[in-house]
Amino acid sequence: MSRRRQLDVAVVGGGVVGSTCALALSALGLEVALVEGVEPPRWQARQPDLRVYAFAADNVALLEASGVWRDIRAARAQAYRRMRVWDAAGGGELMFDADALGRTELGWIVEHGLLVDRLWAALPGAGVQLHCPARVEGFEQDGDGARLRLDDGAHLDARLVVAADGAESTLRTLVGLGVDRHDYAQRGLVAYVSTAHAHEDTAWQRFLPGGPLAFLPCADGTSSIVWTLPEDEAARVLALDDAAFNADLTRAFDARLGDVRVLSKRAAFPLRRQLARDYVTGRVLLLGDAAHVVHPLAGQGVNLGLRDVAALRDTVAAARQSRVDWTASHRLARWARARKSENAMAAHTFDGINRLFSNDGLGATVLRGPLLGIAGRLPPLANALWRRAAGSR
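Residues numbered from 1 in each chain as written. Predicted model: local features only at pLDDT ≥ 70, side-chain atom pairs only at ≥ 80, totals over all residues. Heavy atoms only, no water.

Enquirer: Any chance you could explain the sheet that holds strand β7 (residues 107-111) here in plain terms?
Expert: Adjacent strands of a sheet form backbone hydrogen bonds with each other and so pair up, either parallel or antiparallel. Ordered by their spatial adjacency, 3 strands build an open sheet running β3-β7-β4, and the pairing between neighbours is antiparallel. Among the strands making up the open sheet, the edge pair consists of β3 (52-56) and β4 (78-80). The sheet shows a mean angle of 30 degrees between the axes of neighbouring strands, direction not considered. Pairing of β3 with β7, which is carried by 5 bridges, proceeds in the antiparallel orientation. Within the sheet, the bridge partner assigned to A54 lies in β7 and is I109. (Pairing = 2+ DSSP bridges. Helix = DSSP H or I, 4+ residues; strand = E, 2+ residues; numbered from the N terminus. Axes fitted to C-alpha atoms, helices over the stretch in contact; angles between N-to-C directions.)

The structure is reproduced here in structure tokens:
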């Protein structure tokens, strides 16, 4: 493979994980290019994005290091200081509280559109070369690096290529990395709602036989809901008029915050577990949704993807500090083993929780509430559960 001027890293996919990866690696002094097929629309405060993320503290730190968190927080981000979880079948309640955990907040709720907007605004100043609109249509690699052929006629040579182009990753297919899929036969219904009572800076989650219902607090006093439903039930609920939907949602949430009123359009997306069998082949590695898709019940999808980025950044930084080859196969393999193990454990844990709580069998129903209650009455256990969810060690 003949060589042109070689980049250090080419990142394919300009979403949250891909653009954060480009910024993080560029901050180490690497020459980085980012390839994205569609330029994201500019964020507009008057048009909230239905997609929201619950960021854990470690990923806020990553965004701070990437130079974007201050602008995101100033624009619109909502801290949540408590999380309350209970089961429709009764029993106890599990509550996480920032004060009890010695934190100012448990995490932050941020809109997808705002996050991508601020990440992209930071790319030019960070020296990231942007190729957009452009898609990968060809690929080859050898022991020295990889070459991408783009549909705009450009060719990019890089020592390392990062596939962050989502669950249907084109690059993952081109390099022949397979995935294992499990369809949950559920959909996640999302919308913005107002509630009669204040959200109390609290993330709320009620487990129902069809799946969990989450209310995430937003900066303007509204809440973003994620309601997991069996596919047929999701279609029924989407078809309801607003008055009927409000009544169903208020009832499903046990009127915990009083009457609920929908404020936005509603949308639903299919839920599945998808895990790549390998994260690295040669000079190409997968991260984010290209490597793993998990059930949204714990809000960990984007957090896992950003932890992939943080681990890669730390691996590269340590190698450069030691003046050794940061692209060495054993080093990339070590990163891949660690991330694959953690992500698989998280995916199967969420799968088990979903099976236990989205189940109206007698045994599961009898166990669920007491299990939450026991955890809620044992602060060390609750703290350990939160540290695991928040990515703390």
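Enquirer: Would you mind going over the confidence of the model for the chain with me for this structure?
Expert: When pLDDT is low, close inspection of the predicted coordinates is not appropriate. The predicted model of the chain averages 90 in pLDDT, with 89% of residues at 70 or higher. A low-confidence stretch, residues 361-369 stays under pLDDT 50, and its non-local contacts, those more than four residues away or across chains, total 14 contacts. Low pLDDT, under 50, characterises residues 373-378; the stretch is placed with 8 contacts to residues that sit more than four places away or in other chains. (pLDDT = per-residue confidence, 0-100. Contact = heavy atoms within 4.5 Å.)

Enquirer: Explain the side chain of H199 to me, please; I cannot follow it from the model alone.
Expert: When you line up the elements, H199 lands in the loop between β12 (179-195) and β13 (202-208). Among the polar contacts listed, one links the side chain of H199 to the backbone oxygen of C218, at a separation of 3.0 Å. Leaving out residues up to four positions away in the same chain, H199 has contacts with Q78, W204, P217, C218, G221, T222, S223 and L257. (Polar contact = N/O pair within 3.5 Å; in protein donor to acceptor, adjacent residues only side chain to side chain.)

Enquirer: So what exactly am I meant to see when it comes to the nonpolar core here?
Expert: Here is a general trend for soluble globular proteins: nonpolar side chains tend to be buried in one another's company. Ranked by size, the top nonpolar core spans 72 residues in total, and within it V162 and L287 carry the most contacts. The contact partners of V162, leaving out residues within four places of it in the chain, are V9, A10, V11, V12, C21, L171, L285, L287 and L312. By size, the runner-up hydrophobic cluster in this structure holds 21 residues, among which are L213, I225, L240 and F245. (Core = buried A, V, L, I, M, F, W, Y, C linked by side-chain atoms within 4.5 Å. Buried < 20%, exposed > 50% of the residue type's maximum accessible area, 1.4 Å probe, protein only.)

Enquirer: Can you help me understand the packing of aromatic side chains in this one?
Expert: Remark: the centre distance and the inter-plane angle together describe each pair of aromatic rings, the angle taken between the planes. In the structure shown here, the tally under the stated rule is 8 aromatic pairs. Seen from their ring centres, Y53 and F55 are 5.9 Å apart, and the 70 degrees between their planes marks the pair as edge-to-face. For the pair Y53 and F55, a shared accessibility class is recorded, and that class is buried. With 5.3 Å between their ring centres and 75 degrees between their planes, W69 and W108 make a pair best called edge-to-face. In this pair, W69 is assigned in helix α3 (residues 69-76) and W108 in strand β7, connecting sequence segments 39 residues apart. For the pair formed by W69 and W108, the shared burial category is buried. (Phe/Tyr/Trp six-rings, centres within 6.5 Å; stacked < 30°, edge-to-face > 60°.)

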